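Each chain, letter by letter, is given below.
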Amino acid sequence: QVQLVESGGGLVQTGGSLRLSCTASGSIFSILIMGWYRQAPGKQRELVAVITKGGVTNYADSVKGRFTISRDNAKNTVFLQMSSLEPEDTAVYYCNAFVIATMMSSASNYWGQGTQVTVSS
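Q: Would you explain the overall build of the chain in this entry?
A: Each helix and strand in the chain was counted, giving 0 helices and 11 strands. When the helices and strands of the chain are placed in sequence order, the string is β-β-β-β-β-β-β-β-β-β-β. Compactness check: the chain gives a C-alpha radius of gyration of 14 Å against a globular reference of 14 Å for 121 residues, within 12% of the reference. Within the span of the chain, comprising 121 residues, buried residues form 40% of the whole. Put simply, 55% of the contacts in the chain that link residues at least 6 apart link residues at least 24 apart. Within the structure as shown, the chain displays about 6400 Å² of accessible surface, and the carbon and sulfur contribution to it stands at 51%.

Q: Looking at this structure, how should I read the packing of aromatic side chains?
A: To describe a pair of aromatic rings, you give the distance between the ring centres and the angle between the ring planes. Taken as a whole and judged by the stated rule, the model has 1 aromatic pair. With a centroid separation of 5.1 Å and 70° between ring planes, the pair formed by Y37 and W111 is classed as edge-to-face. Taken as a pair, Y37 in strand 4 (residues 30-39) and W111 in strand 10 (residues 107-111) lie far apart in primary sequence, 74 residues in all. Residue placement shows R19 over the ring face of F79; its charged tip is 4.1 Å from the ring centre. Above the ring of W111, the side-chain terminus of R45 is found at 4.6 Å from the ring centroid.

Q: Would you take a moment to explain the sheet that holds strand 7 (residues 67-72) for this structure?
A: Across a sheet, strands are paired by hydrogen bonds formed along the backbone, either parallel or antiparallel in direction. Pairing is antiparallel across the open sheet formed by 4 strands, whose spatial order is 1-3-8-7. With one partner strand each, in any of the chains shown, strand 1 (2-7) and strand 7 form the two edges of the open sheet. The average undirected angle you get between the axes of adjacent strands in this sheet is 15°. Here strand 3 (residues 18-26) runs beside strand 8 (residues 77-82); their pairing, made up of 6 bridges, is antiparallel. Within the sheet, the bridge partner assigned to R19 lies in strand 8 and is Q81.

Quick notes on the rules
- Residues numbered from 1 in each chain as written.
- Predicted model: local features only at pLDDT ≥ 70, side-chain atom pairs only at ≥ 80, totals over all residues.
- Heavy atoms only, no water.
- Helix = DSSP H or I, 4+ residues; strand = E, 2+ residues; numbered from the N terminus.
- Rg over C-alpha atoms; globule rule 2.2 N^0.38 Å.
- Buried < 20%, exposed > 50% of the residue type's maximum accessible area, 1.4 Å probe, protein only.
- Contact = heavy atoms within 4.5 Å.
- Areas by Shrake-Rupley, 256 points an atom, 1.4 Å probe, with all protein chains shown as cover.
- Phe/Tyr/Trp six-rings, centres within 6.5 Å; stacked < 30°, edge-to-face > 60°.
- Lys NZ or Arg CZ within 6 Å of the ring centre and 35° of its normal.
- Pairing = 2+ DSSP bridges.
- Axes fitted to C-alpha atoms, helices over the stretch in contact; angles between N-to-C directions.

In structure tokens:
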């Protein structure tokens with residue numbers, strides 16, 4: 001089993017910055033992809049940004065140029081640096097990881113509990 005623990009959410013004013021962190025622990029052989037998704041009230045969960053083990057990234061158009069995803073493979077940790085935050089960024093942010101537990105197993109998808117980000121206008 002794999003656990004994902006997020007931190008760094010909070011309340012910030014428009015134009016401010018926040019940094020989210022997520023660390024994976026448990027039975028981990030390799031983490032192929034780590035990423036962040038978000039879900040605003042009344043909306044579906046959507047991709048924010050993902051990063052492969054090799055450092056290839058992908059961002060939602062709405063956050064390009066404002067958010068930066070990075071990861072520390074040695075610590076099984078992914079970060080999301082969020083700048084120029086807007087009220088539309090208000091949501092619960094969920095960490096996601098695509099993990100191979102052992103050398104003989106296939107990959108499985110895991111989610112964190114979520115951390116609230118609120119941007120006030």
